[in-house]
Amino acid sequence: AALFRDLSLAVVMSVGGSLVLALTLMPVMIVGRRRRTATAVTTEGTEGTENGGEGVAAVPHTSHLTPSTSLATLDRFGARCADIYEMGMEWSLKSPLAMLGLGLGLFGVMVALMITLPKEILPQVDEGMVVAGLKLPEGTAIEETTRQAARIEGAAKQMGSRGIYSRIGIATDEEVLAGAEPGTSATGQVLIPVPDGEDAAAFAQKLRESVPDLAAGALALDLAGQSEFGSLIGREGRLVRVEISARTLREAQVWADSVRRRLATLSTLSDVRDAYATTQPQIEVELERARLAERGISVEAVRRALQGGLGGVEASELRETDRRTPIRVRFAGNSNEDLEIALQTPVNGVPLSQLVSWKEVRAPIEVVRVDQRPVSIVEGLVESGGTSRATSDVAAQLAQLKPPAGLTWAITGADIEQRRTTNELALVALLSVALVFLVLAGEFASFTIPLVVMITVPLSAAGGFVLLWLTGQSINAVSLIGIVVMIGMADNEAVVKLDAIRRFREMGYSIHDAVLHGGRQRLRAITMTSLTTIFGVLPLVFGIGSGGALYQPLAAAVIGGAISAQIVTFFLLPVAYARLQAWTEAREAKRDARQRALGGAVAEGSR
């Protein structure tokens, strides 16, 4: 809604402004032009009479009224097209079953493409940037993380990338406030510009192949870039998640590893990995209290000795006006990071190794809970086919697993958001349909004619889905906006056409003749409207300029729908209207005949 609110306001205001101009300024300009033309013709005719004598009028100079050769040729071409259309309309009126087959065919194509086309929230946009997220096992030293990030940089440079930026470790406060992950010593982010003229998806795939060990679960590549639109449709807009819920965190982690290995084999997903770091290595130190008691050593003394050997002891602080810098006493070099050296520290002449015991364990960094149950989350980026197909593939893989009692999983992520967006757009479409139906019912003072429009006009969306399929687009919020706009345009054309046919019916023409005359009268206006729409959005199909790829689905939906709308409004709609009117009039004629017969019988009985 935030993305398209401005578009909606622009359409509403521009259409409202054009309505005001059409009702006020345009009639005044047309009347003024006709008066000037009539005045010019009268003046030239009078001058000709004065110059040519009584009863002899000179030929007035009307070159400005005579159409040029090119315009005359264009008029003849238009007349020829009208004749061809009239012949086609004649055949359509005589072949209602063929028109019914055409309607069913359009409906079948529309339904088939709605099922098979990829579905996603927003179209993928190549911004020329690959964001590589590096996530090594927790506890990895920052030096190792830096080395692995350097491998990614080196591989990208060999493929021609320049201007690479890397951030390793914990993010700054400014970066966290800007939306970046806090990070740890085991995480990093590399921003890699895609070389000019190269596709970002192909570049990312080659980058994965250059570091296969990292791509197996430690590396995630995002093509959304760092712009505002990129952050809008970034990883969250292309993620499929599986939430594994169990009675214990350990059980959830074990099954999450099994799920991750299965999802890694899917071609519709890439960069499958655990969503959150679940554990990190820790050293648990336990006091040997019996020995401490035998030697009379306090717990505080042992604690301070360990602290001094592993991190340093705060001895004092350096005061400089308003700044205070702590002073720590610690082992030189890297010795303070070595547990074995720290355990050699004597306390009252006894090494720490004799006063404590230690073991390495893995402790959870964070525990994600859903309904008070621990959950492990596996996520993957949608690689191809759209979020709907990727979610279906994930569901098929999970169906092959037999979880034990008490363990459940749920598929979440972008597909849920895409369905929510589709449902909201469906609600908007229903409201639009209701409003359009009310307007049509008031215009035609009938409920049957609006029903014909509402049933036949949506079939024009079939062309939009066909062009989306031909151009390799998906069904997303942008393409659905184009479909809605196109159906609104088709509604306008249908109203104009049916209004002309109705006026000819009121003048006494038969249904057949009214359909032919009304269609011929509105042929040029409807065709010009469709052509201006098609050529107006045609540049957007090629994705030229900044944000061009965003509006490609919209342009494809509008152009394809405008083409199929011509078939629907030119042939299918008039035939449906003619059959409905013929059926309605036949029914009314039978009812009138019955009433007349009943009235005659009553009169005969009264005699």
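Since the model is a prediction, treat every value here as computed from it, not as a measurement.

A.B. asks: Can you break down the overall build of the protein residue by residue, with the values?
C.D. replies: Looking only at helices and strands, the protein has 20 helices and 15 strands in total. The buried share among the 607 residues of the protein stands at 36%. A separation threshold of at least 6 residues defines the contact pool for the protein, and within that pool the share at least 24 residues apart is 75%. Carbon and sulfur atoms make up 60% of the accessible area of the protein, which amounts to about 34700 Å² in all.

A.B. asks: Residue-level account of the packing of helix α4 (residues 96–116) against helix α17 (residues 461–470), with values.
C.D. replies: Their axes nearest at 9 Å, the elements α4 and α17 cross at an angle of 45 degrees. Compared by their axis directions, α4 and α17 come out oblique. Crossing handedness for the pair α4 and α17: left-handed. Facing Leu106, Val109, Met110, Leu113 and Met114 of α4, the residues of α17 in contact are Ala461, Ala462, Phe465, Val466 and Trp469. Here the residues of the contact of α4 with α17 are counted per class, giving 10 nonpolar, no polar and no charged.

A.B. asks: Describe the side chain of serine 376, listing the residues and the values that go with them.
C.D. replies: Mapping serine 376 onto the fold places it in strand β14 (residues 373–382). Owing to a relative accessible area of 4%, serine 376 belongs among the buried residues under this scheme. Not counting chain neighbours up to four residues away, the residues in contact with serine 376 comprise Val242, Glu243, Ile244, Leu249, Ala252, Gln253 and Ala256.

A.B. asks: Could you give an account of helix α5 (residues 142–158), naming the residues involved and the relevant values?
C.D. replies: For α5, spanning 17 residues, the distance from its first C-alpha to its last is 24 Å, which sits close to the expected 24 Å at 1.5 Å a residue. Residues of α5 that are buried in the fold lie against β1 (129–135), β2 (165–168), β3 (187–193), α7 (200–210), α8 (212–215) and β4 (219–222). Once α5 finishes, glycine 160 follows within two positions and takes phi at roughly 100 degrees, a positive value.

A.B. asks: An account of the sheet that holds β4 is needed here, citing residue identities and associated values.
C.D. replies: Taking strand neighbours across the sheet as the criterion, the 4 strands line up as β2-β3-β1-β4 in an open arrangement whose pairing is antiparallel. Each end of this open sheet is capped by a strand with a single partner; those strands are β2 and β4. Here the strands of the sheet are splayed against their neighbours by 15 degrees on average, with no regard to which way each runs. Relative to β3, β1 is paired through 7 bridges, and the arrangement is antiparallel. Bridge pairing links glycine 133 to glutamine 189 in β3. Along the sheet face, α5 touches β1, β2, β3 and β4 and points at about 15 degrees away from the line of β3.

A.B. asks: Which residues make up the pairing of strand β6 (residues 269–274), and what values do they have?
C.D. replies: Judged by how many residues are buried, β6 sits mostly within the fold: 5 of 6 residues are covered. Sheet topology places β6 next to β14; 4 bridges connect them, and they run antiparallel. The residue bridging serine 270 from the neighbouring strand is leucine 381, located in β14.

A.B. asks: Provide a residue-level description of the pattern of salt bridges, including the pertinent values.
C.D. replies: Tallied over the full model, the rule gives 14 salt bridges. The partner of arginine 502 in a salt bridge is aspartate 499, and the shortest N-O contact between them spans 3.2 Å. Taken together, the positions of arginine 502 and aspartate 499, both in helix α18 (residues 477–506) and 3 residues apart, correspond to about one turn of that helix. For aspartate 499, the salt bridge goes to arginine 503, with nearest N and O atoms at 2.5 Å. Separated by 4 residues within a single helix, aspartate 499 and arginine 503 lie in helix α18, roughly one turn from each other. Given the relative accessible area of 15%, aspartate 499 is considered buried. Here the salt bridges do not stand alone but share partners, grouping Asp83, Glu86 and Arg520 into one network.

A.B. asks: An account of unusual backbone geometry is needed here, citing residue identities and associated values.
C.D. replies: In this model, asparagine 348 sits at a positive phi of 55 degrees, which is unusual for a non-glycine residue. If you trace the backbone, asparagine 348 turns up in the loop between β10 (346–347) and β11 (350–351). When its relative accessible area of 64% is taken as the criterion, asparagine 348 is described as exposed.

A.B. asks: Lay out the nonpolar core with the relevant residues and their values.
C.D. replies: What tends to happen in soluble globular proteins is that the nonpolar side chains get buried as a cluster. Met89, Leu93, Val453, Phe465, Leu498 and Val515 are the most contacted members of the largest nonpolar core, which totals 47 residues. Within the residue set of this core, elements represented by two or more residues are α3 (69–94), α4, α15 (414–444), α16 (448–456), α17, α18, α19 (511–541) and α20 (548–606). Ranked by residues supplied to this core, first place goes to α20 with 11 residues. Dropping the residues within four chain positions of it, valine 453 is found in contact with Leu440, Pro458, Asp491, Ala494, Leu498 and Leu573. Judged by nonpolar contacts, the second largest core, of 22 residues, contains Ile192, Ala200, Ala218 and Leu221.

A.B. asks: Hey, could you go over the confidence of the model for the protein for me, with residue numbers and the actual values?
C.D. replies: Averaged over all residues, the pLDDT of the protein is 79; the fraction at 70 or higher stands at 85%. Scored below 50 in pLDDT, residues 48–65 shows 12 contacts in the model against residues more than four places distant or in partner chains.

A.B. asks: Quick rundown of the packing of aromatic side chains? Include the residues and the values.
C.D. replies: Scanning the model with the defined rule gives 5 aromatic pairs in all. Clustering of aromatic rings is evident, with ring pairs tying together Tyr85, Phe570 and Phe571.

A.B. asks: Tell me about the packing of α3 against α4, and name the residues and values.
C.D. replies: One can describe the packing of α3 onto α4 by two numbers: an axis separation of 5 Å at closest approach and a directional angle of 95 degrees. Here α4 runs roughly perpendicular to α3, going by the angle between their axes. Residues Trp91, Ser92, Leu93 and Lys94 of α3 form the contact with α4, whose own contacting residues are Pro96, Ala98 and Met99. Here the contact of α3 with α4 is built from residues that sort into 5 nonpolar, 1 polar and 1 charged.

A.B. asks: An account of a nonpolar patch on the surface is needed here, citing residue identities and associated values.
C.D. replies: Residues Leu531, Phe535, Leu538 and Phe542 make up a contiguous nonpolar surface patch of roughly 420 Å² in combined accessible area. Secondary-structure assignment places leucine 538 in helix α19.

A.B. asks: Which residues make up the environment of valine 485, and what values do they have?
C.D. replies: Along the polypeptide, valine 485 turns up in helix α18. A residue is classified by how much of its surface remains accessible, and valine 485, at 41% relative accessible area, is partly exposed. Separated by 73 residues in the primary sequence, valine 485 and valine 558 place their C-alpha atoms 7.2 Å from one another.

A.B. asks: Which residues make up the environment of threonine 146, and what values go with them?
C.D. replies: As for its placement among the helices and strands, threonine 146 is situated in helix α5. For the pair formed by threonine 146 and isoleucine 168, sequence separation is 22 residues and the distance between their alpha carbons is 6.5 Å. For threonine 146, the side chain forms a polar contact with the main-chain oxygen of isoleucine 142, separated by 2.8 Å.

Analysis parameters
Residues numbered from 1 in each chain as written. Predicted model: local features only at pLDDT ≥ 70, side-chain atom pairs only at ≥ 80, totals over all residues. Heavy atoms only, no water. Helix = DSSP H or I, 4+ residues; strand = E, 2+ residues; numbered from the N terminus. Buried < 20%, exposed > 50% of the residue type's maximum accessible area, 1.4 Å probe, protein only. Contact = heavy atoms within 4.5 Å. Areas by Shrake-Rupley, 256 points an atom, 1.4 Å probe, with all protein chains shown as cover. Axes fitted to C-alpha atoms, helices over the stretch in contact; angles between N-to-C directions. Parallel < 35°, antiparallel > 145°, perpendicular 65-115°, else oblique. Left-handed = near helix turned anticlockwise from the far one by under 90°. Nonpolar A, V, L, I, M, F, W, Y, C, P; charged D, E, K, R; others polar. Expected span 1.5 Å × (residues − 1). Pairing = 2+ DSSP bridges. Salt bridge = Lys/Arg side-chain N within 4 Å of Asp/Glu carboxyl O. Core = buried A, V, L, I, M, F, W, Y, C linked by side-chain atoms within 4.5 Å. pLDDT = per-residue confidence, 0-100. Phe/Tyr/Trp six-rings, centres within 6.5 Å; stacked < 30°, edge-to-face > 60°. Patch = residues over 30% accessible without salt bridge, like charges linked within 9 Å, V, L, I, M, F, W, Y side chains within 5 Å. Polar contact = N/O pair within 3.5 Å; in protein donor to acceptor, adjacent residues only side chain to side chain.

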